Each structure stands twice: as structure tokens, then as C-alpha cells.
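Notes for the structure review
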Amino acid sequence: MKKDNKSDNQRPYKLSHQKICLTGVNFEKKSIIGYVDLTIHPLRADLKRLKINFKQGRIYRICINDQWEAAFLYNDPTQEICQGEAKQRNLDFFQNCHLSAMNAVDADSVNGEVTIKLPPETHPLIAELRPFRLCIEYSLEDPKGGIHFVVPEMSGDMADIGAHMFTYGHENSSRLWFPCIDSYCEPCTWKIEITVDRDMTAVSCGDLIEAVYSPCLMKKTFHYYMSTPVSAPNIAIAIGPFEIFVDPNMHEVTHFCLPHLSGILKHTTSYIHEAFEFYEELLSSRYPYSYYKQVFVDESYADAMSYATMTIFSTNLLHSSRIIDQTFMTRTLMAKAVAQQFFGTFISMHTWSDAWLPKGIAGYLSMLFIKKTFGNNEFRYVIARKLKEVSEHENKVGGIVLDPTKKESNLHFSAKNSHTVSPRHAAMFSQKAMLVMRILEFRIGTELLLQALNKLLSLAYNASQQKYVSNTWVNMLLSTSSFSKIISTVTGKDILPFLEQWVYQSGCARFYGNFVFNRKRNVVELEIKQDNSVKGALKYVGPLTVTIQELDGSFNHTFKIEENKTKFEITCHSKSRRNKKKKIPLMTGEEVDMDLSAMDADSPVLWLRVDPELNTLRQCAWEQPDYMWQYQLRYERDVVAQKEAIEALYKYGTPATRLALTDTIENDSCYYRIRLDACECLASVANSMVSNWAGPPAMMTIFRKTFGSHSCPSIIRQNNFNNFQHYYLLKTMPKAMARLRNIHNICPMEVMKFLMDLFKYNDNSKNKYSDNYYRAALIEALSLTITPAVATVTVSSQGISTEYLSADMKLILEECTRCLNLEKLLPCYRHTVTVSCIKLIRTMQKYGHLPNDSEIFQCYATYGVFRDVRVAALSCLVDFVRSESNQIMFDWLLDLVEYDPDPFIRHTVLMMFVDNPPFKKGEYSPMNTTELVDRLWNLMNSLLCSDSRLRCGVTDLYHTLYGRTRPFCLPIPENMMVLNLKQRTTMLNPSVVPEKLQDQMFEDELEVEENVKRAAFGTDVEKSGQKRKADSPLLEAKSKFESSFVEFVRAGSMDNSQASESNPAKQIKLDEEGQKSKVIQKQPSEAQDDRSHLSEDSSSPTHSQSSQSVATPAAQSSQSVDILCNLSGPSTPLPMDLSRTPVGTVPLMSGESSSKSHKSKKKKKKNKHKHKHKHRHDKSRDEEKMSKDRASSEQRESEQSNSNLAPLTTLKSPPSSPEFEVM
Amino acid sequence: MSGDITGPSASRRKALKVAVAALCSENGFTSSEDSALETLTELLQSFLSEVGRSARAYCELSGRTEAMVSDVAMALVNMGFNIESIAGHAKRPNKSVFIPPAQMTQPVIHKTLQAGERKTHPSHIPDHLPQFPDPHTYIRTLTHQQPLNEYQLMREKAASQKRDVERALTRFIAKTGNTQHLFKDDPSAFPLIAIAPSPRPYLNALLPKDQDLDAQEPGETYSTGSKKRSDNNSQGDAKDGAQSQESADPDAIDNPYLRPVKLPKKRKR
């Protein structure tokens, strides 16, 4: 990869300006038509061809300087990842193909779907290195991704019904809607012209220069100009009948929303100027662009999508002044979007491996904003939560490498391309990047880090002001190396060790340990160990802070964590307990009185904390006695420490714990989230000490005291949410209390009555805030009270009916019915109550109080229902599928994944399946069928090619269901031996065309005497194909997507299929030349190896045995094929059957034939593969062979250019061996 | 006057009747018919009344409020009565003596019926005037047992009222429209109003209507009503907000989206 970067990343031309002109946007047909105009500066005099990214559209014409038409070729291997390969079906194989397909069109490695041959007329121009313009006329009709049209199903004018559209995409996906160089490292200036109906507004990046009516006055054209260089992935448009609201505090900020919503838009955006002021002051540099636009759209892809000068938000973020909960979320998101304007769009990543920098910096800046706006407690709490999420994710799924260039990850997908990463990984990636940036802040200091960021911004700003000169604009790109250079110039510090530790390496440190006080020596002896056996663990070496709270004060100690050292000592300052009445100084400097009776009389240690400032990415399981945790909860001022204490106290169900928690809940000066956590913990503690619990149910007294009315504490006061702390407590306490259980493990009567009274006496008439979240919380509380139904003898055929409902359940159900029905008439904000009711119904079904029925959820999950409600209903359905193993519903949901109009819903359903899979790997399930494997495989292989997030989501699901090996439900094919379980190498998508060959492509096609060579290959291919057929009839199963990559061709001159047909052949030739000799030499010994290898590798005994028995004959025959291939491969054409390779056929036909030939060619490669694998196995016994093999693979790699790096790395990384994988 | 059967007039009449009967007996009658006796009593009463009326008239004529003997004398004279005969009549030998009628005893008011201490008369009010009634009849007193907690009742009432309204409304809708059922076999139990997909689901979700119902008091309803109206207005305003702002101060805000759309240039045609 590194080598590739060096050699290939030099694009032989530069883009200086691009114009997008959308002349027609049709909402009825969901189509756009227009052209782009790229101004290109050649850097080499012999430039013959260009590569452009474009997908799923139709190119009408490509023109150079408006005079010369250029020939072009369209080849998109990503449309079908594993072409023609119908049998492999294991993820390791897919992962390889996926990465190579993505790299084959990745603009970062100077690739693209469209290859343009510059006509000879332009050659003199290029020889003088003069810039030229490349004009591409194109259209898109009903795109499957990249652009989303929201057209409500109503009659009326498009503007009146609120139809709108916007672009979206996962990372660099601009190619889905306009031809471009879809790379972050190719910034240029932009001119964007969009013609829309006169009632519509088009919002795009850059400055709106003017809007002009068309001559007929029916349309208007918006002219945007982006003077700051920006890369194509940061370009977006949104068109709709938007209501426009100019920010009264900052006139350069404009907000757009859908009709009827401007009232809440004004409130929602009222604070955004603060974010701008904060960042500008913090970074002491101005906002880099002249304008900023916020567009709120329906059915958005994500909550916020940042682009240059504009952000597309979900309209669901809008809220009125009556809403409390949403305000925090919306503000956080909006502030982050502003931070991304600085780092993300203005300064963007250089390549995907540098993505952690802009993501991390933007995340870090937005966290600073949170700190300023919501306070230090919130900040620390969120940091701790994110740290926990990241470490848990790494523990569960595997480590995240921020910069994946150096290290091969051991995941079921490749982290090296933005389009192959799993969506959950991507989310965690951003969080981890933010945390790492925060660690960097500790290492070099806040001031210096901000100075470095300021330096980056000012350099970029200066660069952006320059006219196009080659290489100035590079300053607007951020890479790991440039970043460390800037840091060292500004601070003089070398951050390479830091990068090595956290960026190039994956995982979190996992500490665990305890301590004892040694009275004789007056020292605390600590033992800190690391658990390196778990997934996603990192062997931490470096400083670690430990804070000890003694009677005489709080002291920090820094230890050096080394390889094998686990014991540490702290000498105590205080000599146990001398003067009892003295106040105890805390870390913060304040002195408090404590009741010290609980502690050990001999020890001066109150509590001890490891890494209190969260300076490392770590998980920490620390042991100390319960009274220390209680002291820590009561007296430590840091919310993270309090939270840790609460989590530890779950284990100690004692009256002392109860008291500490109760005091915390009642303590008004305590951070509210801690109080909420304490409520949850107290419920759990109360349950664990249920047999000797005295008094009313836990929290009842506190609740009455806090929220009961004066004259009658059992009735709740009229709602008044002015005190937000109390508001959150009010929402949480009923839920916590609903978790209480009595000795019979059901919810106590008093609590039920209490909850019902809350419903009854809820009165919001005098409140200035909406109580929708509170009501939703009450319903959630009801669902938490539900316990499994007493196993009634429901022998009757009709199953559960109303008669079996207990009195409590009847009450609950009545309440639920009433709330749900009322919601239809008087819906509340974001239908929170409906959401809770749906979940409640599902809970009742699950616990056997209601008959299991999916119909009701299905109704709520259909398109046209509000998104939150759909999501809730879908999660119920996913759960239903799991518990009932219902095939019909499963199919219905998969249909939704495939066809639903809302891209977010499609993604969400997948993620729900990943979290709550219908069956797990190895579990028996009637749904575990070949059809399901085929369906999922087709989805990820080809059907979801226009949305990487979805495609990778399916990959995740596939991984959850089947792991990385071949699904067991599939019949073992005859040629099993070919299906190498751990095939990480060489299996190339035939349409992934290596660089070198592509050079020859046009020549091949233009030269008419392409014939001999190609015909020879064709024949050879046919022949081997036939032989294979004899071996395995399965091969005849033809993928129906075979021809998908042959999208369209320019009539006449250019025949895509021919091109792709000829190229793999050549590629194979190259491959074979590299390996020929060795392969032939080793033939004889390999048959046995193969057998033994299979038994070693396959994951289950039955599997291996059966495969082994089948394998032997097949292996032999395929080897014979191999020999044949190798012999015939190099150059000597076998003069056979020229007529069978059509030269000038109709595109579709030739497409099919070509892919057939691919298939067979691949078979050859497959065989080769096997050899390689065998070599690998030999290696243990035969060092010499191994080195040879490596040599050969290296050779091959250099020849195959960009696509794969596997052979080397596989050899290097033992953990990825199949034995390890099968778990 | 004669209609009264009880009261002071009855006892007066009774006394008169005794007097008339005594006179008759003095004059030698041993028995008389009741009607005759009544007639004579009537005559006597009329005479006495006339004397009184006339004496009062004389007294008032001479500017006094309380009658004197002279006034009575004048009245008698005026009626043609021989005053001198009175003395003789008074000293007649066979004068019959009456036992004065027994004073009616005041009915004892039971303490139990009396609520509170009665007020005594202030000095300017003569004692013969009736006493003050029981205090509770003229000052505000707590006449009923106060419930332990009125607030509780009120909340209770408000809550159940609200609940009843909601229940009735939802039941009505559920009965008249499409429903979904939780129990297949028993569609009437817990009917749920069916969800209807809408073309623009976000509008209902983001512009909630749930707060109107909570406005229980009439005043509150008005205010929310007016607030709603103003909301509508503001929405209406917002639609042409751009224009209005623009017209307000076009120079103050320079934003390209507020600039008017240009007309096409001629040459473009």
C-alpha cells in the first residue's frame, strides 16, 4: 500500500476549477440533467487519458474545450463485488474483493469508473501543458443513492406539497450524482448553477451570486460561486420550497426549512451564533467561508451532513421552545457541524488513512463547545461515556486503527477504504479519533494544540486565497505526517511515539488491579495488571496517573507502566487517624467533614483512582472495599469518579450503600446525571436486599418529598419543569422504581399504584414546557414493571386471550390504549408517547400477556409514518423475528432494507438486525436457509452498490449470522477444496483492471489487430472453463448480475465489454509469468498438502471430513487444469476457435460472454491461489519454499498495482489464520 | 285581626270577652249565647280601638308622641261619652274582680340548638326588642365539616374529568373509525385507533397539538387559543418573512437570499 501510494498517487493532472450546471430537476421523474465542466491542468506532456468518478447515471457526451469529442469507457467493478463467483460465500473472500473493487475506482489511487481517452487533437495542447476544459453532459434518473427526492404522495404543485431533494452519501460519494474526481485531496474552485421551478430554492455550496428568472419566468437559476478550493465530496445541493430565515445575529448565516416550520426553525437556530463566536475565539481565526447555510430536510441520510459552507440536517431536529430534551441534542449536533466547517470541509483529509484527523479535531472542538455551553460536568461525563463505548466496542468487535496504512486489521471488513468500513466501526472511529485528540491535548498542552490548529487554519487560509498554482492548495489537506510536522514546528515536540501508540495501533488498554495498605511501612501496595488476552486490547507502556485520597489530602502519583512490572508502591502522607476532628482536604482544595466511622481505623486511605483524568484510552476494573466506593461517591467532586463509584456499588447491596445512594439522589448540588445513575443503582441495590428492606419502596419518600404537593404528598404537583435537574429526576425516578421487585419477583403493589397515580394526576396545564417526554417515560416505566406472565395453562387453541390478563396488566393495557389513541387525535412532539406505547405492547407480547402479533407493528412501520415511530415499530419487529423465527416478517424487513424510500430506515433496520440478530452463528434456526444466504450475498454483492453504508451494513449482518467462514447451511460444493477458507489473496474481480493494462486498453481497442492475442486467451479460457464444468456442474449457475458492470458504452467506437474481456486475460498473463516456474515445479508434492491443509483449516470436523472426501479428486483435476493454464498462459496462443470470441457484438451479448470468460479465468486464478496457500503451509516445514513464495507474491504485487497487498501481510499476521477465526 | 287564632290579639280578645261576660253577670244575666257575647265583645273592642285611635290623634295634634290622660278624655268626650260616670262605675258595689291572666312563660330555648353565644343588645337598643339571633345566622361560619384535604379532591376531580373526556373521545373515534386489535379473538377489548400514514408525517410530529387538551381552565384555553392564532400568524408572516424583513430594512441585512430575483437579461433570450 505504501509503495502504491508513492508510485501511483501522483496524479498526472490537476483540477483547478469545476462547474456543475443542473439544467433540469424533475421531481415527478426524480431525475436531474446537466453537465459538468472540469478545468484540468496536465502535469505530464504525455497525458493520454483521464479517470473520472461517476456512477449510476448516463453520460451523453464528453467534450474537450467544446470542440473535440472524447471517447470514454465505463467500468465499475463495485457494481458486483465478486463477479460470476456464485459459490464462495465467505466474508474473507468478499472482503478482499470488496477492497480491491473499491480501490479500483478510488480517486485517491488515481482511479475512476470512467476512463476518458483524450483525442489526438488535444495532444499538442497537452504537450505544452496548457489547461483544457472537460465537459461531461450527463443525466440521472431515479437514482438509487446519492440524491434523495422526497415527494409527498399528495396532489398539487410540487412546491405546495413540500417536495424537496438533497444529495447525500457516505464519505466521498459525490460520484453518485455528478462526474468528478471524487477524492478529498483534489480541491478546486467551483461554479454551481441550478435551474429550478420558480417556487423552489436551490441551496448549494459557495456564495449565492444571483438568482435569475428564466425568460419564461417559470423557472429561476441560482448561481453559486465557491472561491475557496473545496474537494468534490464536500459539494452538495438541496432544492425545495424552503422557507428562508436569515440569522438575526449573524447575517451571513441563513437557515432553510420546509414550509410551515419556520416558527420552530427560528427557535432552534437562535443560538448558533454562539458556536461561531466560540470557535473563532478559541482558534483565533475567522470562519473560513463567507457564508454558512443550514438546511433542514425530511428523510435525511443522517442527522447532520457537513459540506462546504452548508450543512444538511434532519428536519426532526427542529423543536419549539417548549421542548427540553431535544434542545441538547440539536445544539450538540449543530455545534459539531460548525466545527466540521473548519476541520472536515475547509481543511479536509488527504486520504482515508488521515480521516482520523479532521474527524478527531472537529469532535474535539465540539466537545470543547459542550464544555463551555453545558458545563464541565457534562463534558467529563460525555467523555467518560464515549470512552466506555469505544472500549466496549473494541472489546466486542475488534480494535480500531485510526491510521490503517501500517497495520493490517483483523476485522471482517477492510478499514483501508472508506467504502468498506462497517457503519458501526465508522461511528466508533470518529469517537475514538476525538478521544485520541484529547489525549494529545494532555500530551502537548491545550494552548499549544490550539496554536497548532490555528497554524493549520492560517496556512490553509493563505493557501485558499492563492490562485491556482500547483501544490499550494495542498495546505488545505491534512495528513498524519503534515500534522505531526506542524505540531513539531509549533511545539518542538515529536509526537511520533504518541502516534505509534494510539494512531497506528489498535485497541484500548485494559487495566485491572487492587491495592492493600501496609501498616508497618505506611505504604500502599498496588498491583496493576493488563489483560491482553481479550479482543481489542492494547499493551500499554507509558505513564499512568494514580490519585490517592488520604486523610491528609489528595495526591497524584505517576507510575511508569512497563512490560512486566505490575507492583507499585505509594508512601502515605498521613499516619493513620490521629486527630479525628480535622477536616479532610479534597483534590479541589475544599475541606469537608466526613464521618470516618465506616473506614478501616488503621488505614489513612479513603479511596484510590487510576487514571482519573482519562488520559489514556483504557478500561479499568479497579477493586476497593465498598466503603471506599461510598466515600468516593459522596465526597469525590469529579463526576467520572462518582459514576465509577456508582457502577461499583451495584455489587454491594448494603444499608450503607443505600444511604450513600439516597443521599446522592437528594443532593441538589450533585450533577443531575449522577443522581439519575444513582436512582438506577438504588433500584438494583434495593432488589438485591429485598428480603431485609425496611420502609416504603426505595425512592418513594424522596419522590414524594420532591414532587408531591404540599397538602397531599401522595399527589404529584402540577408539572413545572423550570428546574431541569428536577425534570430529569422526575423522568427517571418512576422508571427506576418500576424496576423494583418484591420477594416474589414481581413489581410491588405500592409501586404500581404509585405509577398509576402519576398518570392520573399528570397535569401540564400550567407548565411552559411540554410534558411529552415525561409521559413517554411513564409509559416506559409501566413496561419496566412487567414480569413474565404466570404460566397459565393455555391449552385452548386460541392462545392468550383477555381472560388471562391479570388486574395489573389490564390497568397497564388500558392506560396504554388510552395514551396511544389520544396520540392519534392530539399528537405530541416527535410522537414520543406513541413510541413508548409500541414498545410497551411488544414487551407485553414478549412476556406472554398478549398474543404475539406482528401486524400492529407492521402498520406502524410502513412508509408515511413518522420516522421515530417507524424505528420503534421496526425494532419490535426485529425482536419479533428473533423470538418467533418468523420467516415472513424477516423477508418483509429485508424487503424494507432493499426498497424503502427512506435511506435512514434501511440502514437502521440493518443495524437492528446486527444488534439483535434472528439467529447467531452456530445456532439452529429454521430461517437459516440457503435462500437467506443468497439473498444477503446478493444484497452486498451487487444490489446495494449505490450506498456503501448499507452494503457494509449487510456485511455486518452476514458476519453476525455466519461469521467469516462459509455458512454451514450451504451444501458443500464439490470443488470445496478450491474454496480456501482463508483466502485473503489475489482473487481479483475481473473488472478490476490494473493500471498498466488500462493504458493498453484503448490501444487494444483501437488497434484492430487485437485479435490474435485476445483470441488466444479467449480460447484458452473457454477450454479451461469447459474442463471445469465437467468437474463441477455448479459452475454453470450464472450470476444474473454478470453484465452489470457493463453499464453503457459509447455507440460505435468504444466497446466496454471488449475491453474488460481483453484485460483480465492480460492480467492473468502477468500473474502467471510471475509464478509459472515455481508452480510447475511444485506440482507433484502438493496434492497431499492440500488434503492435510484442509483438515487443518476447516472449522468443524464434519465439515472438514466431508470436504476432504470430496476434495481429493477435484483437487487433482483442477491441478491438471492448472498445468494446462500455466503452459498455455504465457504467450503462445493456441490456434483454436477464433469464432467463439465475438469481436464486434451487441453490447449486452458481449457483456455476458465476457463475464463468462471472467468466470473461467478466475477459476484459473483460484487454482493459483490454492497453490499459494499450499506454499504457505509448506512454509512451516520448508523455509526455502516460503521465501520463494514470498518473492513471487511480491513480484505479483508490484505487477498488480493497486489492488492487493494481501500475500505479504497475511504471512506477517498470524492472528488472522483460520484457526483463530473460527470461534 | 279577628282571623288570628293565636298570638297576642287572641289573648286580648279573650280578656275582653271575660270582661263583657262579667259585666253581663253583674247586670243579672246568668247565661248568654256565645254569639251575643261575641257581638258585645266586638262592640267593646271597636269602642276601645276608637278611643285609642282618637286619643293618639289628639296627642299627635298637640305635638307629642306619648298620649296623656287629657287626650283620652278628649277622645271620650268627642265620642259623646260621659266622663263623670266613669268614677261611679268604678266604685259600683257588685264589682267583679278578675284574676289577671297568667303571664305566658318564655319558651326555653334548648342550648343544644343554640350555636355560639348570643350577642347582648348594645346600649341604644331597648331590651324588649328581640334578642340577637344565633351568630351563625348573620355572620359567615363554617356550616359543614371541612374535608381533610380540599386540594386532593380538586385534583381528583380534575383528573377524573379529564380522563373521562379523553376516554369518551377516544372511544368514539375508535368506534367510528378503523381499529387495530391486540387480541385476535376479542376485537372489542382495547381497541386501538389505526394508524394512517400521512404524506408529510413530520408536520404533525414537529408541530404538536397535545398541549390544548391540558389547558383545562377557560382562561387558559383562551390564552392558548390566542397563542395558536398568533402562531398561525407568525407562520403566515414567516412565509413572506423574507419580503417583510427586506422591506423593513433592506440595508441592515445583506444576505443574497433576500435579494430579489433578477429578471433575465435581454441578450439571454
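What counts and how
Within each chain, residues carry numbers counting from 1 in the order of the written sequence. Key to labels: chains lettered from A, ligands numbered from 1, both in the order written. In view of the model being predicted, local features appear only for residues whose pLDDT reaches at least 70, and side-chain atom pairs are presented and counted only at 80 or more, with totals across whole chains, interfaces and linings using the full set of residues. Heavy atoms from the whole structure form the basis of all side-chain values; hydrogens and water molecules are not counted. A contact between two residues is defined here by any heavy atoms of the two lying within 4.5 Å. Basic side-chain nitrogens of Lys or Arg form a salt bridge, by our definition, when they fall within 4 Å of a carboxyl oxygen of Asp or Glu. Elements are defined by DSSP. Helices are runs of H or I of four residues or more, strands are runs of E of two residues or more, and each kind is numbered from the N terminus. Think of it as three bins: nonpolar holds Ala, Val, Leu, Ile, Met, Phe, Trp, Tyr, Cys and Pro, charged holds Asp, Glu, Lys and Arg, and polar takes everything else, Gly as well. Pairing between strands is defined by DSSP: at least two bridges between the two strands are required. A pair of sulfur atoms, both from cysteines and within 2.5 Å, is called a disulfide here. Classification of residues uses two cut-offs on accessible area relative to the type maximum, computed with a 1.4 Å probe and protein chains only: under 20% is buried, over 50% is exposed, and between them is partly exposed. Only C-alpha atoms enter the line fits that serve as axes; for helices the fit covers just the stretch in contact. Angles between N-to-C directions range over 0 to 180 degrees.

Across the boundary between the two partners, chain A contributes 96 residues, which contact 66 residues of chain B. For the pair chain A and chain B, the interface holds four salt bridges. Between Glu815(A) and Arg163(B) there is a salt bridge, with its nearest N and O atoms 3.3 Å apart. For the side of chain A that touches chain B, the element with the most residues is helix α21 (residues 807-825) of chain A, which contributes 11 residues. Within the side of chain A that touches chain B, the residues separate by chemical class into 46 nonpolar, 26 polar and 24 charged.

So, about the sheet that holds strand β1 (residues 13-26) of chain A. Residues and elements named next belong to chain A. Judged by pairing direction, the sheet is mixed, and its eight strands sit side by side in the order β5-β4-β8-β2-β1-β11-β14-β13 without closing on themselves. Among the strands making up the open sheet, the edge pair consists of β5 (68-69) and β13 (207-213). In terms of strand pairing, strand β11 (residues 188-197) meets strand β14 (residues 219-230) through nine bridges, oriented antiparallel. Each bridged residue has a counterpart across the sheet, and for Ile194 the counterpart in β14 is Phe222.

By definition, a disulfide is the covalent link that joins the sulfur atoms of two cysteine residues. Residues and elements named next belong to chain A. Enumeration according to the criterion identifies zero disulfides over all chains in this entry. With no disulfide of its own, Cys257 lies closest to Cys205 among cysteine sulfurs, the gap being 20 Å. Judged by its relative accessible area of 0%, Cys257 is buried. With no disulfide of its own, Cys816 lies 4.2 Å from the sulfur of Cys837, the closest cysteine sulfur. Classification of Cys816 as buried rests on a relative accessible area of 2%.

Residues and elements named next belong to chain A. The full count for this structure, using the stated rule, is 64 salt bridges over all chains. For Arg44, the salt bridge is made with Asp46, and the minimal N-O distance between the two is 3.2 Å. We classify Arg44 as partly exposed; its relative accessible area is 45%. Between Arg964 and Asp92 there is a salt bridge, and its shortest N-O distance comes to 3.0 Å. Within this pair, whereas Arg964 is found in the loop between α28 (948-962) and α29 (995-1006), its partner Asp92 is found in helix α2 (residues 91-104), the two being separated by 872 residues in sequence. Taken individually, Arg964 and Asp92 each receive the classification buried, so the pair is uniform in this respect. One salt-bridge network, in which partners are shared between bridges, spans Arg380, Arg609, Asp611, Glu613, Arg618, Glu636, Asp638 and Glu644.

With that settled, consider the sheet that holds strand β23 (residues 509-518) of chain A. Residue and element names in this part refer to chain A. Spatially, the four strands line up as an open sheet ordered β27-β24-β23-β31, and their pairing is mixed. Where the open sheet ends on each side, the last strands, each with one partner, are β27 (567-571) and β31 (618-622). The mean angle between the axes of side-by-side strands here comes to 25°, regardless of whether they run parallel or antiparallel. Direction of pairing for strand β24 (residues 523-530) relative to β27: antiparallel, over a ladder of five bridges. Bridging from a neighbouring strand, Val524 pairs with Ile570 of β27.

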